[in-house]
Amino acid sequence: CKTKQKPNGNTTKPEIKIKVGWIDPDTYSVSVTGTDEKTAISKAKHKILKDIVTVRIKNQSRYTDITKIQDEFRKPLQNGKVIKSFNLDSGLKIVFQIRDKGLKKKFERK
């Protein structure tokens with residue numbers, strides 16, 4: 001966190017750097033905005049599933065059925081956590097993270 005000083009001497013709010021995407025091979029994060037936490041979490045889970053499908057299509061995987069992917073990733077999604085949240089004028093922005101052993105390999109399943 002850094003606090004920047006403007007030329008007139010005032011300070012701005014600290015910059016908050018949030019890493020999304022792959023944190024490590026077992027941890028994946030997304031950032032979404034919703035009207036409340038429940039909506040934001042639902043959007044985050046949907047975004048993760050969409051990311052999985054996108055990766056698998058690019059890898060020419062035969063496992064791209066969203067229904068089967070939901071079952072395959074049910075546990076990591078249920079155990080997912082909001083690691084940061086910010087109140088915005090338009091609602092709530094969250095960073096949602098899932099973890100599972102070998103998660104990246106599961107994402108890229110062919």
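A brief look at the structure comes next. Here the residue numbering is sequential within each chain, running from 1 through the sequence in written order. The predicted origin of the model limits local features to residues at a pLDDT of at least 70 and limits the giving and counting of side-chain atom pairs to 80 or more, whereas totals for whole chains, interfaces and linings rest on all residues. Based on all heavy atoms of the structure, the side-chain values leave hydrogens and waters out of the count.

## What about the overall build of the protein?
Link 1 in the chain: Segments assigned H or I by DSSP are reported as helices when at least four residues long, segments assigned E as strands when at least two residues long, and all are numbered from the N terminus. Per the secondary structure count, the protein includes four helices and four strands.
Link 2 in the chain: Counted from the first residue to the last, the protein has its helices and strands arranged as β-β-α-α-α-β-β-α.
Link 3 in the chain: Burial status follows relative accessibility: with a 1.4 Å probe on protein chains alone, a residue under 20% of its type maximum counts as buried, one over 50% as exposed, and anything between as partly exposed. Buried positions account for 27% of the 110 residues belonging to the protein.
Link 4 in the chain: By definition, residues are in contact when any of their heavy atoms lie within 4.5 Å. Considering only residue pairs separated by 6 or more positions, the protein has 53% of its internal contacts joining residues 24 or more positions apart.
Link 5 in the chain: Each accessible area value is a Shrake-Rupley result obtained with a 1.4 Å probe; residue values ignore everything except the protein chains displayed when judging cover. Looking at the protein as shown, the accessible area adds up to about 7,900 Å², and 48% of this sits on carbon and sulfur atoms.

## So, the side chain of R56
Link 1 in the chain: Here R56 is to be found in helix α1 (residues 37-58).
Link 2 in the chain: Contact partners of R56, with chain neighbours within four places excluded, come to S61, Y63, T64, I69, E72, F73, K106, F107 and R109.

## A word on the sheet that holds strand β2 (residues 27-34)
Link 1 in the chain: When DSSP finds two or more bridges between two strands, those strands count as paired. If you trace the four strands from one edge of the open sheet to the other, you get β1-β2-β4-β3, paired in antiparallel fashion. Single-partner strands in this sheet number two, and they are β1 (21-24) and β3 (81-88). Ignoring strand direction, the axes of neighbouring strands in this sheet form an average angle of 25°.
Link 2 in the chain: Where β1 meets β2, three bridges bridge the pair, whose relative direction is antiparallel. Bridge assignment links D24 to a residue of β2, and that residue is T27. Axis geometry follows a simple rule: fit a line to the C-alpha atoms, using only the stretch in contact for helices, then measure angles between N-to-C directions, giving values from 0 to 180 degrees.

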